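# Results of the structural survey
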4 protein chains.
Amino acid sequence: MSESTISRRARNDSAKDLRRQHILDCAEKIVLHKGLSQLSITAVAKEAKLAIGTIYLYFENKEELIAQLTLKSREILLQKFREGIALSPHPLEQIRNILVASQNFYQENKFYHELVSFFEINAGLAETPELKEAGLAITHLVVSVLENAKKQGLIRPETDEKAFALIMWATSVGMIQLLDVKEAMVRELLPGKGQDFYNHYVDILLRGIMS
Amino acid sequence: MSESTISRRARNDSAKDLRRQHILDCAEKIVLHKGLSQLSITAVAKEAKLAIGTIYLYFENKEELIAQLTLKSREILLQKFREGIALSPHPLEQIRNILVASQNFYQENKFYHELVSFFEINAGLAETPELKEAGLAITHLVVSVLENAKKQGLIRPETDEKAFALIMWATSVGMIQLLDVKEAMVRELLPGKGQDFYNHYVDILLRGIMS
Amino acid sequence: MSESTISRRARNDSAKDLRRQHILDCAEKIVLHKGLSQLSITAVAKEAKLAIGTIYLYFENKEELIAQLTLKSREILLQKFREGIALSPHPLEQIRNILVASQNFYQENKFYHELVSFFEINAGLAETPELKEAGLAITHLVVSVLENAKKQGLIRPETDEKAFALIMWATSVGMIQLLDVKEAMVRELLPGKGQDFYNHYVDILLRGIMS
Amino acid sequence: MSESTISRRARNDSAKDLRRQHILDCAEKIVLHKGLSQLSITAVAKEAKLAIGTIYLYFENKEELIAQLTLKSREILLQKFREGIALSPHPLEQIRNILVASQNFYQENKFYHELVSFFEINAGLAETPELKEAGLAITHLVVSVLENAKKQGLIRPETDEKAFALIMWATSVGMIQLLDVKEAMVRELLPGKGQDFYNHYVDILLRGIMS
DNA sequence: GATGAATGAGGCTTCATTCAT
DNA sequence: CATGAATGAAGCCTCATTCAT
């Protein structure tokens, strides 16, 4: 293979990645503005100003497109968690920061939540290895913080770090769902509390494992 | 069965409402057997042995049908909570029973969970007054148990009963979602733990509010 | 069920049959004019001046539509065979008439041949019971003529009637295919012979079993 | 291998024609492994490790590619016929061998049959001169055997060699189609006969022309 | 009230072919 | 010569909803 071929290949490959990214961005935009249910290949193609068939050059099918979107959201979440952890050296604070980062992320990217939920809810869809890995990376990060907390005697020794990491994930998703969808109801039931509500949840969860 | 339920039933006991109920039963059967995604008006009509158009005489559109189905699930859930509370006179046990009843209900009626999620996730859909009422009835029941617990000095006085009732709802839904959809992942991460996982969550939540 | 309902049902059922027949006729027209490859649901809908979805009220999918078309062609063929048999009391003449009827049918309905071939060629497609039955009806008719011929000592006693019925079917289809598709080539190779060619085939086949 | 084949090969032995041959080989591989319906230009390009556009440098369109594939199959068939003829000096045996070789070829290369049928059935497609030539080569070979048989007084003098050569072709293709697609039906109708069926056909055909 | 045939927009996906590089 | 990304028409099918009877 000639050098020129290689370099062209390289050029093309990065161009291909860019295009792929562009499509993902457009899909993201649709999900963000109109919700996951409105995400159709046709809509993505229109948004990206590409032909429908072109989308299929970059994604095998709609499911893969959604998987990639989910992957991206998990990667961002992982990053947010890292930033939250970096804010404080204290493990308990780090746990709190993680839970708050989770909420922040979803509030800033309201519809992203649907993407996380999508694979949460569509039991039928198999997660790709990549997607699984991204999920595990998040889990492992949280577990490491929890192990640290246990070593320092901050949380009860009976606490199972892995189980609690999953509990953090599951319950925060549930909380955010409620806040997202039942906002009016929450405000009605808890007037004047707003954001405190989520913090209340965080407090209780932390107290639940503190020694 | 509470007075309000009975009186509503009485209100509904016309021929028209019987048929409405029949349609709902058929829709429920479909959701339970085949999942929400298979719930089409055509399928409901076939199951109910009615014409498609007839369905639209009783429900404005598909959305309302789903709303009514959700309503029914909330009524059942309310009943299950009552039963759970009746099992023990001790408020903390009652709270635990409520959380366990929640899980049991969704595990026994796997697909019902989709209905809850549906309204949890489709922020756009307005809950009908009836639906709201049913949600509030559940909330009030839980709040009364919590107030009782506080009166007896079993939970910390700072605990906001209404807020915690919602937290119970939100987090248990999150937990059940995770267990439902990520069953394999949970088993992989927590080998040999199985059902303990949910109990672990209940323990932590309770410890989080116990005085 | 009231009488009026029943009569309406009956009226509707026959109307439904008519509509179904209309769709089949339109599909037939397309196959006859443009070939099987041009038979799309959209084309049928346009020809029938119906919406696409309407087609699916009468046929589960495209495959079933084609099956019904094939069924019809087999029914017509059966009729043609009966007519051919009625032309002569002599079994050997009857066999000849069957083979000629086969050719006539396909020449009069050129593209119908594709339909017969369709199921001949698409091994993947399962024949419906109805379709099978129609095929068997033809086979049985031919077999009965052959049995008759054998009883009268007109064909060799070793001849297996069923096998030969299938051989008649298979070889005549092959002959007609050749004539249909390679018309020019046949004319080139056998100048001035034209129709004689098929008769030649019939003669040879008959001589092959005559005692 | 005949002189004409060799000389054509010689003509073709440029780099361009090597690549053309390579593409054909890959296309053949796809048809043999996955069937004609899976033969897409994209698939051929992938198999040949060439760009899609490159395929179009060597073949005007998909149809031509298929035509060339058919050509190849005819060349192989010609070779098989020659081998069949070489097995016996007796013309009638040679005819039988030709018919059997035909069946063997299609049974060993099941999907090749689709190629033959493709051109047999798509009346619209014009055969290229090369394709015609290959067809004629086969015909001429068979005709020569028949002429030989007639000279030796083995077959009836009225037999038109050219016509019968075509009849052999047409009917054997029909027989193989039936066996290929209606295997189950043949087995059902003729239990325990299997391969005998084709031999029965061969016998009848031979008897049909024997003097 | 009840019916259910009809609608048709919209969803996903494929693939022969072109054309700028 | 070679490339392969891009095209977009066309195919199949679903289903919420309407409306004439």
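First, a word on scope: everything that follows refers to the structure included in this document. (Residues numbered from 1 in each chain as written. Chains lettered and ligands numbered in written order. Predicted model: local features only at pLDDT ≥ 70, side-chain atom pairs only at ≥ 80, totals over all residues. Heavy atoms only, no water.)

### Thoughts on the overall build of chain A
Looking only at helices and strands, one finds 10 helices and zero strands in chain A. Starting at the N terminus, the α and β elements of chain A follow one another as α-α-α-α-α-α-α-α-α-α. The 211 residues of chain A split such that 50% are buried. Here the contacts in chain A between residues at least 6 apart in sequence split such that 68% fall between residues at least 24 apart. Total accessible area computed for chain A in this model is approximately 10100 Å², and 53% of it derives from carbon and sulfur atoms. (Helix = DSSP H or I, 4+ residues; strand = E, 2+ residues; numbered from the N terminus. Buried < 20%, exposed > 50% of the residue type's maximum accessible area, 1.4 Å probe, protein only. Contact = heavy atoms within 4.5 Å. Areas by Shrake-Rupley, 256 points an atom, 1.4 Å probe, with all protein chains shown as cover.)

### Some details on the nonpolar core
A general tendency of soluble globular proteins is for nonpolar side chains to be buried together. With 112 residues, the main nonpolar core has A:Ile95, A:Leu166, A:Phe197, B:Leu39, B:Ile95, B:Leu166 and B:Phe197 as its most contacted residues. A:Leu166 has contacts with B:Leu178, B:Met185, B:Val186, B:Leu189, B:Leu190 and B:Phe197, leaving out every residue within four places of it along the chain. Ranked by size, the runner-up nonpolar core spans 111 residues in total, among them C:Leu78, C:Leu92, C:Leu190 and D:Ala163. (Core = buried A, V, L, I, M, F, W, Y, C linked by side-chain atoms within 4.5 Å.)

### Here we look at the pattern of salt bridges
As enumerated under the stated definition, the model contains 36 salt bridges over all chains in all. Here B:Asp203 makes a salt bridge to B:Arg96, at a shortest N to O gap of 3.0 Å. Residue B:Asp203 is found in helix H11 (residues 196–209), and its partner B:Arg96 is found in helix H6 (residues 91–108); the two are separated by 107 residues along the sequence. With its nearest N and O atoms 3.2 Å apart, the salt bridge here joins C:Lys150 to C:Glu161. One end of the pair, C:Lys150, is in helix H7 (residues 129–151); the other, C:Glu161, is in helix H8 (residues 161–181), and 11 residues separate them in sequence. Under the relative-accessibility criterion, C:Glu161 is labelled buried at 15%. (Salt bridge = Lys/Arg side-chain N within 4 Å of Asp/Glu carboxyl O.)

### A closer look at the environment of D:Tyr198
Residues and elements named next belong to chain D. Examined against the element boundaries, tyrosine 198 turns out to sit in helix H11 (residues 196–209). Using a relative accessible area of 0% as the deciding quantity, one classes tyrosine 198 as buried. Excluding residues that lie within four positions of it along the chain, tyrosine 198 makes contacts with Leu99, Val100, Ser102, Gln103, Ser172, Met175, Ile176 and Leu179.

### Some details on the interface of chain B and chain A
Across the contact, 42 residues belong to chain B and 44 residues belong to chain A. When the two sides are added together, the surface that chain B and chain A hide from each other amounts to roughly 4000 Å², 73% of it contributed by carbon and sulfur. There are two salt bridges connecting chain B and chain A. A:Glu188 is the salt-bridge partner of B:Lys132, the closest N and O atoms lying 3.8 Å from each other. If you look at where chain B meets chain A, you find four residue pairs in polar contact (both at pLDDT 80 or more). Contributing elements (two or more residues each) for the side of chain B that touches chain A: helix H7 (112–121), helix H8 (129–151), helix H9 (161–181), helix H10 (183–189) and H11 of chain B. Counting residues per element, the side of chain B that touches chain A draws most heavily on H9(B), which supplies 14 residues. For the side of chain B that touches chain A, the residue count by class is 23 nonpolar, eight polar and 11 charged. (Buried area = accessible area lost by both parts, 1.4 Å probe. Polar contact = N/O pair within 3.5 Å; in protein donor to acceptor, adjacent residues only side chain to side chain. Nonpolar A, V, L, I, M, F, W, Y, C, P; charged D, E, K, R; others polar.)

### Here we look at the protein's contact with DNA strand E
The full set close to DNA strand E counts 30 residues, and A:Lys62, B:Thr54, C:Arg19, C:Thr54 and C:Tyr58 are the nearest of them. Of all atoms in DNA strand E that approach within 4 Å of the protein, 67% are sugar or phosphate atoms. Between DNA strand E and A:Tyr56, the relevant distance is 2.8 Å, taken from a phosphate oxygen to a side-chain nitrogen or oxygen of the residue. One of the backbone nitrogen or oxygen atoms of B:Ile52 is found 3.5 Å away from a base nitrogen of DNA strand E. (Near = heavy atom within 4 Å.)

### Examining the protein's contact with DNA strand F
Lining the immediate surroundings of DNA strand F are 30 residues, of which A:Arg19, A:Thr54, A:Tyr58, C:Lys62 and D:Thr54 lie closest. Within 4 Å of the protein, the atoms of DNA strand F are drawn from sugar and phosphate moieties in a proportion of 68%. One of the side-chain nitrogen or oxygen atoms of D:Thr54 is found 2.6 Å away from a phosphate oxygen of DNA strand F. Contacts to DNA strand F include D:Tyr58, whose side-chain N or O atom sits 2.7 Å from a phosphate oxygen. Contributions of two or more residues to the surface near DNA strand F are made by helix H1 (3–34) and helix H3 (52–58) of chain A, helix H4 (52–58) of chain B, helix H3 (52–58) of chain C together with helix H2 (15–34) and helix H4 (52–58) of chain D. When residues of the surface near DNA strand F are assigned to their parent elements, the largest contribution, five residues, is made by H4(D). The residue makeup of the surface near DNA strand F, split by class, is 15 nonpolar, eight polar and seven charged.

### Brief notes about helix H8 (residues 161–181) of chain A
Residues spaced three or four apart along an α-helix point in a common direction, a consequence of the helix completing one turn every 3.6 residues. Residues and elements named next belong to chain A. Under the 1.5 Å per step criterion, the end-to-end length of H8 is 30 Å for 21 residues, consistent within 8% with the ideal 30 Å. Counting buried positions over the 21 residues of H8 gives 19, a clear majority of the element. For H8, the capping residue at the N-terminal end is aspartate 160, with a side-chain oxygen 3.0 Å from the backbone nitrogen of lysine 162. (Expected span 1.5 Å × (residues − 1).)

### Section: the environment of D:Ala163
Looking at the secondary structure, you find D:Ala163 in helix H9 (residues 161–181). Assessed through its relative accessible area of 4%, D:Ala163 is described here as buried. Spatially, the C-alpha atom of D:Ala163 lies 9.8 Å from that of D:Thr139, the residues being 24 residues apart in sequence. Beyond its immediate stretch of four places on either side in the chain, D:Ala163 contacts C:Leu190, C:Phe197 and C:His200.

### Notes on the interface of chain C and chain D
Taken together, the contact pairs 43 residues of chain C with 42 residues of chain D. The contact between chain C and chain D buries some 3900 Å² in all, and 73% of this surface belongs to carbon and sulfur atoms. The interface formed by chain C and chain D includes two salt bridges. Put simply, chain C and chain D have four residue pairs in polar contact (both at pLDDT 80 or more) between them. Sorting the residues of the side of chain C that touches chain D by element identifies helix H6 (112–121), H7, H8, helix H9 (183–189) and helix H10 (196–209) of chain C as the ones contributing at least two each. The dominant element in the side of chain C that touches chain D, judged by the number of residues it contributes, is H8(C), at 14 residues. Each residue belonging to the side of chain C that touches chain D can be placed in one class, and the counts come to 23 nonpolar, eight polar and 12 charged.

### Overview of the packing of aromatic side chains
By the definition in use, this model includes eight aromatic pairs over all chains. Between D:Phe105 and D:Tyr106 the ring centres are 5.0 Å apart and the planes differ by 55°, which places this aromatic pair in the tilted class. Taking relative accessible area as the criterion, D:Tyr106 reaches 5% and is therefore assigned buried. Here the basic side chain of C:Lys16 rests over the ring of C:Tyr58, its NZ or CZ set 5.9 Å away from the ring centre. (Phe/Tyr/Trp six-rings, centres within 6.5 Å; stacked < 30°, edge-to-face > 60°. Lys NZ or Arg CZ within 6 Å of the ring centre and 35° of its normal.)

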